[in-house]
Every structure is written in structure tokens, then in C-alpha cells.
Amino acid sequence: MRIGYFLSCEEYTPAQLIEQARLAQDAGFQALWISDHYHPWNDAQGQSPFVWSIIGALSQVVTIPVTTAVTCPIMRIHPAVTAQAAATSAVLHDGRFVLGVGTGEALNEHVTGERWPFADERLAMLEEAVDVMRQLWRGDFVTHHGRHYTVDQARIYTLPATPPQVYVSAFGPKAIEVAARIGDGYISTSPNADLVQRFKQLAGAGKPAQGAFKGCYAETEDEGVEIAHRLWGTSGVPGELAQVLPSPRHFEQAATLVTPEMTRSALPCGPDPAKHAEQLKTYEDAGFDEVYVANIGPHYAELIDLYRREFL
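Below: a short report on this structure. (Residues numbered from 1 in each chain as written. Predicted model: local features only at pLDDT ≥ 70, side-chain atom pairs only at ≥ 80, totals over all residues. Heavy atoms only, no water.)

### Some points on the overall build of the protein
- Looking only at helices and strands, the protein features 13 helices and 10 strands.
- For 312 residues, the compact-globule formula gives about 20 Å, and the C-alpha radius of gyration of the protein, at 19 Å, lands near that figure.
- Taking the principal axes of the C-alpha coordinates as reference, the protein spans close to 60 × 40 × 40 Å.
- Burial statistics for the protein: of 312 residues in total, 53% are counted as buried.
- Contacts in the protein between residues at least 24 apart in sequence constitute 74% of all its contacts with a sequence separation of at least 6.
- A total accessible area of about 13300 Å² is found for the protein, and carbon and sulfur atoms account for 50% of it.
- Each charge class in the protein was averaged separately, 23 positive and 37 negative side chains, and the resulting centres sit 5 Å apart. (Helix = DSSP H or I, 4+ residues; strand = E, 2+ residues; numbered from the N terminus. Rg over C-alpha atoms; globule rule 2.2 N^0.38 Å. Buried < 20%, exposed > 50% of the residue type's maximum accessible area, 1.4 Å probe, protein only. Contact = heavy atoms within 4.5 Å. Areas by Shrake-Rupley, 256 points an atom, 1.4 Å probe, with all protein chains shown as cover. Lys, Arg positive; Asp, Glu negative; His and termini not counted. Charge placed at Lys NZ, Arg CZ, Asp CG, Glu CD.)

Now the structure itself:
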């Protein structure tokens, strides 16, 4: 199982993200994930730089692969524009760029004022968006009049030697079917062995599964729990709330349902590598081919060094 590092745009400045990427590559991490958000999950996280600018900057400091985890090409940015951004990113990274996509969250996508679609509608939009992008990556002029998108005589001129691979995020049975049908790989932040197995059954051999989890390095477990709960207690918000809540303040309200002890049990907090080993083993046992770890809080250099010493 390949181990990569997860860059959280919701929490860190552009300079910190670039620093983490450089440290991660030097430590031996084999690839990078990077999130794409318009808003952070809560005000305490406090950042949300434009992911395509960061991806361009990363191309100048690292040579390991980069995957968006994930971008949503269905509303906030038209798929024709996402296709151009992904193509340029693949050129900058010399083909080591993967476009991870998903159906997104209202938190980020409602900002243009459009109605937030229901889940089934978003899946249909995603499938059409991926088809539009792949048409454009062939290098020809494209005119498309679909159910959800119109493209009028568009051509992408700056293209990589081979089109970017598209990995699809999915958290339920309907989404898994779409991911297997249109994806070159699978993305998840949950070590759900049933979903991984279902994807691989439907998609066929050779399509990898990427997973991820967060940890919080600190001098003590209690300090790590405090930091993680303050910054990422929103990760424990249950059900479909993560897809439908429209603003950071709503996530802050919903996160009052999450206790510090729930955060303690969900994340490896503190300096103990054994807790990270347990999480890595969980993803390995679930069938993931790659796993990405993100740090919570200010001690990212220490977490990266922990992985250099213990796992890489």
C-alpha cells in the first residue's frame, strides 16, 4: 500500500501547503492529495486558497504525483473550465496529476446562487461532466448540448501527452456504481471494505482505490484531542449533513453533536506511532492501494518526521 500525504487547503496558508509538500516528498511520502474548497468547514480552520493556484505552485517544488481529493466539476466551476485546469495541471506535473472528482458539498457549491441539487441529480451531473471533460481532452473542437451542460465550439490547446486519469469519490451504493462506470480509480475517506470490494468488482482489475485519514501530532494525546476537536470536530457530523449544510457556521452548530471523546476515538492524536499504524492497517485490510494522511494543527513537520522514522 502506497503512503501519501494529504494537503488540507481548509486549514493552511498557501506557503504552509507548499512547505508541507516539500517536507513530505523529502521524508519519502510517495504522492500527494489536495482538497478543493471555497469555504473551510468552520471559521477556526480559517483558510481556503484556490486549489488550482496551489497545484501550479506544487509543480515547481515536488515531483511526486498529485491528486485532487476532490474537486466538484458540476456547479461552481463549469466542467469545460475544470477540464482546462486539469489539463494544464497535468502538463505542469509532467503527467503525474490525477483529477479526483465528486458530487461536492453545498458548503462550497452554493456560492454562485444556484439551487443545490438532490444526490441522484448530482450523480447524473457528475457523469455528464466527466464525459464533457474527456471529450475536450481529445484535443478537438467540442460542441455539446446535454441535459445539464452546454459547450459551444470549445477546444483545449494545452494538453498532456495522455489525458488525466479521473478518480471518483463515492460513499454509497449508487455512487459506487457511477464511480465504477466512469472512474479510472476510487476515492474515499472511510475504510469501508464493502465499498472498496464493490468498486473493484464492478470496475474490473487495475483500477486503484485511494483512501485517507487525519491525525493530530502533539506532545500529548490530550493536547492532540483538544486541537483536533477544535479544528476538525466537524468531521464527525453524521449522515448527509456534510453534503447539505451551506456555511461554516452551520457546521459549527452541527459539530456541537460531536464530543471530544468521539474525536479521540476517531483520530490518532498525540505522538504515538502505534495509533497511526492501527489506522494504516485498517485501510490496508479494507483493500486500499494508496492511503493519504493529513495533519491537524501546527505540528505538521513533527507528524511528517514521525512517518519518515516509523513508516517510510
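### What about the sheet that holds strand β7 (residues 165-169)?
- An order of β1-β2-β3-β4-β7-β8-β9-β10 is seen for the eight strands of this closed barrel, with the pairing classed as parallel. Across the sheet, the mean angle separating the axes of adjacent strands is 30° when strand polarity is ignored.
- Bridge analysis of β7 against strand β8 (residues 185-188) gives three bridges, and the strand direction is parallel. Paired with V168 across the strands is Y186, a residue of β8. (Pairing = 2+ DSSP bridges. Axes fitted to C-alpha atoms, helices over the stretch in contact; angles between N-to-C directions.)

### Thoughts on the environment of A80
- Looking at the secondary structure, you find A80 in helix α3 (residues 79-92).
- Separated by 76 residues in sequence, A80 and I156 place their C-alpha atoms 8.9 Å apart.
- Not counting residues within four places of it along the chain, the set of residues in contact with A80 comprises V132, L136, V151 and I156.

### Examining the packing of helix α1 (residues 14-27) against helix α2 (residues 51-58)
- Two elements in contact, α1 and α2, have axes separated by 10 Å at closest approach and are oriented at 40°. Relative to α2, the element α1 is oriented oblique. For α1 against α2, the interelement crossing comes out right-handed. Contact residues: α1 offers P14, L17, I18 and A21, while α2 offers I54, A57 and L58.
- Class assignment of the residues belonging to the contact of α1 with α2 gives a composition of seven nonpolar, no polar and no charged. (Parallel < 35°, antiparallel > 145°, perpendicular 65-115°, else oblique. Left-handed = near helix turned anticlockwise from the far one by under 90°. Nonpolar A, V, L, I, M, F, W, Y, C, P; charged D, E, K, R; others polar.)

### Looking at the pairing of strand β1 (residues 2-7)
- Taken across its six residues, β1 has five buried, putting it largely inside the fold.
- Note that β1 and strand β10 (residues 290-295) share four bridges and pair parallel. Bridge pairing links Y5 to V293 in β10.
- As paired elements, β1 and strand β2 (residues 32-34) share three bridges and run parallel to each other. Residue pairing across strands places Y5 opposite L32, the latter belonging to β2.
- Regarding the hand of the β-α-β motif, the stretch spanning β1, α1 and β2 is right-handed. (Right-handed = clockwise from strand over helix to strand, strands pointing away.)

### Some details on the nonpolar core
- Counting 75 residues, the largest nonpolar core has Y5, F29, L32, I34, L58, W137 and Y186 as the members making the most contacts within it.
- When neighbours within four sequence positions are excluded, L58 is seen to be in contact with L7, I18, A21, I34, V66 and H93.
- Of all hydrophobic cores here, the second largest spans 16 residues; its members include L107, A228, L245 and F251. (Core = buried A, V, L, I, M, F, W, Y, C linked by side-chain atoms within 4.5 Å.)

### Digging into the side chain of S59
- When you line up the elements, S59 lands in the loop between α2 and β3 (66-68).
- Among the polar contacts listed, one links the side chain of S59 to the backbone oxygen of G56, at a separation of 2.6 Å.
- With sequence-adjacent residues up to four places away left out, S59 is seen in contact with L92 and H93. (Polar contact = N/O pair within 3.5 Å; in protein donor to acceptor, adjacent residues only side chain to side chain.)

### Observations regarding helix α8 (residues 221-232)
- With 12 residues, α8 extends 15 Å from end C-alpha to end C-alpha; this agrees with the ideal 16 Å at 1.5 Å per step.
- Among the residues of α8, G224, V225, I227, A228, L231 and W232 are the ones counted as buried.
- In the core, the buried residues of α8 are packed alongside β9 (209-215) and α11 (260-266). (Expected span 1.5 Å × (residues − 1).)

### So, unusual backbone geometry
- In the segment running from A69 into V70, the intervening peptide bond is cis, with an omega of -15°.
- Mapped onto the elements of the fold, V70 is located in the loop between β3 and α3.
- With a phi close to 55°, D94 is a non-glycine residue in the positive phi region.
- Looking at the element boundaries, D94 is found in the loop between α3 and β4 (97-101).
- Owing to a relative accessible area of 59%, D94 belongs among the exposed residues under this scheme.
- One non-glycine residue, Q153, adopts positive backbone phi at about 50°.

Shape is all these values report; function is a separate question.
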